[in-house]
Amino acid sequence: MIRVELPAHLRTLAHVGPEVMLDVTPDVQGRVTLRSVLDALETSYPMLRGTIRDHVTEQRRPFVRFFACEQDLSHELPDTPLPNAVATGAEPFLIVGAMSGG
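None of the values given here were measured: they were computed from a predicted structure. (Residues numbered from 1 in each chain as written. Predicted model: local features only at pLDDT ≥ 70, side-chain atom pairs only at ≥ 80, totals over all residues. Heavy atoms only, no water.)

Undergrad: How would you summarise the environment of phenylalanine 93 if you had to cite specific residues and measurements?
TA: With respect to the helices, strands and loops of the structure, phenylalanine 93 is situated in strand β5 (residues 93-97). Separated by 33 residues in sequence, phenylalanine 93 and arginine 60 have C-alpha atoms that sit 15 Å apart. (Helix = DSSP H or I, 4+ residues; strand = E, 2+ residues; numbered from the N terminus.)

So, in structure tokens, the structure goes:
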């Protein structure tokens, strides 16, 4: 099981607490990737489709960031494997709503 922490606005939309547990299917090489986690999240919580990544291109939405084990994975490719600590559920995968303004 993968632990995923969501920002407040997505928790409200999905009607969940700060952390959700997901059963993630590894890719063909047996790795848990950004894509496999986001696919599992959108399957379990269909109301989140399109809020984290674009429906068609599957590109990360602006002002959404991904972190794992204190690493910013926001600009990594979708098939990037997640750290083992996240894949085993020891550490959470963080989806963070970035802020901007001036």
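Undergrad: Tell me about the layout of surface pockets, and please be specific about residues and values.
TA: Of the pockets and cavities examined, the largest pocket occupies roughly 220 Å³. Taken together, the residues of the lining of the largest pocket sort by class into 5 nonpolar, 4 polar and 5 charged. (1 Å grid on protein atoms, 1.4 Å probe; cavity = no way out; pocket = protein on both sides within 12 Å on 5 of 7 lines; lining within 4 Å. Points joined across faces, edges and corners; volume = space filled by probe spheres on them. Nonpolar A, V, L, I, M, F, W, Y, C, P; charged D, E, K, R; others polar.)

Undergrad: Give me the lowdown on the pairing of strand β1 (residues 2-5), citing residues and values where you can.
TA: Where a strand is regular, its side chains alternate between the two sheet faces. What you see with β1 is a clean split: Ile2 and Val4 sit on the buried side and Arg3 and Glu5 on the side with no burial. Two elements, β1 and strand β2 (residues 19-22), share 4 bridges in a ladder whose sense is antiparallel. Note on β2: the bridge partner recorded for glutamate 5 is glutamate 19. Where β1 lies against β5, 2 bridges are found, and the strand directions are parallel. Paired with valine 4 across the bridge in β5 is phenylalanine 93. (Buried < 20%, exposed > 50% of the residue type's maximum accessible area, 1.4 Å probe, protein only. Pairing = 2+ DSSP bridges.)

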